Amino acid sequence: MKEYPRPYLQQIESEAIYVLREVAGQFDNPALLFSGGKDSIVVAWLARKAFFPAPIPFPFVHIDTGHNFPETLEYRDRFLNDLKVKLLVGSVQESIDSGRVSEETGPYASRNALQTVTLLDTIAAHRFDACIGGARRDEEKARAKERFFSHRNEAGQWDPKNQRPELWNLFNGRKKMGEHFRVFPISNWTEMDVWEYIRQESIPLPTLYFSHQREIIDRSGVLLAFSAVVQPVNGETVQRRTVRFRTIGDMTCTGAVDSTASTVDEIVLEVAAARVTERGGRFDDKRSDAAMEERKKDGYF
């Protein structure tokens, strides 16, 4: 039997499409920040719907830490080729080589925070005045402070106490020279909404989201994928476990969860029963209670 769209999903889809069209109408040179994770994939899918049958009218930007999962990069190239969009890649390795950032050292080193400088340099180089992202308010307390149109000053920084009111569906995109906006079309979506929309639309995803066997290191309760950049330290051991990833990011900080969910239907049931947020397995968020907000103030995604 054909499954018809749920009214609630239609409502939040329409809201997101409206926001995307507002971006195209208000800004001169927008871009879509694409990580290869499920949220940015959904935003890309919505962008295709928003402007169909015309092509998506802005490029996609991926900030490559050099420590991405190979599955993510393979999916990125295939998916964006199908969408027929232009891809721009900012390289953290190039930022390190040029002296723009210094690589962390030690057993818990990560390039995740280094992405901020690479992102801001990429925005400046291409003079983007709006960058569309897939952040949602339910992910983390700092992201709950964002607006749909989130202002960034000339240094790319975010001030959570100085955001513009958004009454009804009126979005204020006015800015000074050198400033830009981050725009979050799926702000009002939850993790469950994303998965139910993926199921409704039959959106293809990276294999990392589905249950598979993988060599894992348990680091303070975070299940990191064993790799060239994640090695055992301080008595840690490599275990082979059946896992999947709820988020996708830099391999040095993106944790897996024990799971046998191998289909979208099974993942929907698993998410419904979960008592830990999807970012509960992110090692970077455990550096301090305000880790995400501190990074966002500096210009992080």
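A brief look at the structure comes next. All figures in this text were calculated on a predicted structure; none of them were measured in a lab.

1. Things to note about the pattern of salt bridges
So, point 1. A full pass over the atoms with the stated rule returns 18 salt bridges.
So, point 2. Where Asp-39 meets Arg-136, a salt bridge forms, and the shortest distance between an N and an O atom there is 2.8 Å. Of this pair, Asp-39 sits in helix 2 (residues 38-51) while Arg-136 sits in the loop between strand 4 (130-132) and strand 5 (149-152); the two residues are 97 residues apart in sequence, bridging distant segments of the chain. Comparing Asp-39 with Arg-136 shows no difference in burial state: the two are buried.
So, point 3. For Glu-74, the salt bridge identified is with Arg-78, shortest N-O distance 2.3 Å. In this pair, Glu-74 and Arg-78 are both assigned in helix 3 (residues 70-83), four residues apart and thus about one turn of the helix distant.
So, point 4. Taken together, the shared-partner salt bridges in this structure form one network comprising Lys-38, Asp-39, Arg-136 and Asp-138.

2. Here's the deal with helix 3
So, point 1. Taking 1.5 Å as the rise per residue, helix 3 with 14 residues should run 20 Å; its terminal C-alpha atoms sit 20 Å apart, in good agreement.
So, point 2. Three or more residues of helix 3 are buried, namely Thr-72, Tyr-75, Arg-76, Phe-79, Leu-80 and Leu-83. Take helix 3 and look down its axis: the buried residues cluster within an arc of 115 degrees, on one side only. Helix 3 presents Pro-70, Asn-81 and Asp-82 as exposed residues on the side facing more than 90 degrees away from its buried surface.
So, point 3. Buried residues belonging to helix 3 abut helix 2, strand 2 (60-64) and strand 3 (87-91).
So, point 4. Phi for Lys-84, located one or two positions after helix 3, is positive at around 60 degrees.

3. Concerning the pairing of strand 6 (residues 180-183)
So, point 1. In strand 6, alternate side chains face the same way, and those of His-180 and Arg-182 on one face and Phe-181 and Val-183 on the other are all buried.
So, point 2. Bridge count between strand 4 and strand 6: three bridges; the pairing is parallel. Its bridge partner lying in strand 6, Cys-131 is registered against Arg-182.
So, point 3. As defined by bridge partners, strand 5 adjoins strand 6 across four bridges and the pair is classed as antiparallel. Bridge pairing links Arg-152 to His-180 in strand 6.

4. Focus: the pairing of strand 1 (residues 30-33)
So, point 1. Alternating positions in strand 1 separate into two faces, Pro-30 and Leu-32 on one and Ala-31 and Leu-33 on the other, with burial throughout.
So, point 2. Sheet topology places strand 1 next to strand 4; three bridges connect them, and they run parallel. Pairing of Leu-32 across the sheet is with Ile-132, part of strand 4.
So, point 3. Here two bridges tie strand 1 to strand 2, and the two strands are oriented parallel to one another. Bridge pairing links Leu-33 to Val-61 in strand 2.

5. Digging into the environment of Tyr-18
So, point 1. Along the chain, Tyr-18 turns up in helix 1 (residues 7-26).
So, point 2. For Tyr-18, a relative accessible area of 33% gives the class partly exposed.
So, point 3. It is 25 Å that separates the C-alpha atoms of Tyr-18 and Arg-76, two residues lying 58 residues apart in sequence.
So, point 4. Not counting residues within four places of it along the chain, the set of residues in contact with Tyr-18 comprises Asn-169 and Phe-171.
So, point 5. Here Asn-169 takes part through its backbone oxygen, which lies 3.0 Å from a polar atom of the side chain of Tyr-18.

6. Quick look at the packing of helix 1 against helix 2
Geometry of a packed helix pair, given as the angle between the helix axes and the separation of the axes.
So, point 1. With their axes 9 Å apart at the nearest point, helix 1 and helix 2 run at an angle of 70 degrees to one another. By the angle between their axes, helix 1 is roughly perpendicular relative to helix 2. Contacts between helix 1 and helix 2 pair Glu-13, Ala-16, Ile-17, Leu-20, Arg-21 and Ala-24 from the former with Val-43, Leu-46, Ala-47, Lys-49, Ala-50 and Phe-51 from the latter.
So, point 2. Residues that form the contact of helix 1 with helix 2 fall into these classes: nine nonpolar, no polar and three charged.

Here is what the cut-offs are and how they apply
Within any chain, residue numbers begin from 1 and follow the written order of that chain's sequence. Restriction of local features to residues with pLDDT of at least 70 applies here, the model being predicted, together with a cutoff of 80 or more for giving and counting side-chain atom pairs; totals for whole chains, interfaces and linings are based on all residues. Heavy atoms from the whole structure form the basis of all side-chain values; hydrogens and water molecules are not counted. Here, a salt bridge means any side-chain nitrogen of Lys or Arg that lies within 4 Å of a carboxyl oxygen of Asp or Glu. Runs of H or I in DSSP of at least four residues are treated as helices and runs of E of at least two as strands, each being numbered from the N terminus. For each residue, the accessible area found with a 1.4 Å probe, counting protein chains only, is set against the maximum for its type, and the residue is called buried under 20%, exposed over 50%, and partly exposed in between. To estimate how far a helix should reach, multiply one less than its number of residues by 1.5 Å. Note: the arc covers the axis-to-C-beta directions of the helix. By definition in these notes, contact holds between two residues if any of their heavy atoms fall within 4.5 Å. Following DSSP output, two strands are said to pair if at least two bridges run between them. For this analysis, a polar contact is any N or O atom pair within 3.5 Å, provided that within protein one partner can donate a hydrogen and the other can accept it, and provided that sequence-adjacent residues contribute only side-chain to side-chain pairs. The convention used is that axes are lines fitted to C-alpha atoms, helices contributing only their stretch in contact, and that angles between N-to-C directions extend from 0 to 180 degrees. Should an angle fall under 35 degrees it is taken as roughly parallel, and over 145 as roughly antiparallel, whereas 65 to 115 is taken as roughly perpendicular and any remaining angle as oblique. Each residue is assigned to one of three groups, with Ala, Val, Leu, Ile, Met, Phe, Trp, Tyr, Cys and Pro labelled nonpolar, Asp, Glu, Lys and Arg labelled charged, and all others, Gly among them, labelled polar.

That is the geometry; function is a separate question.
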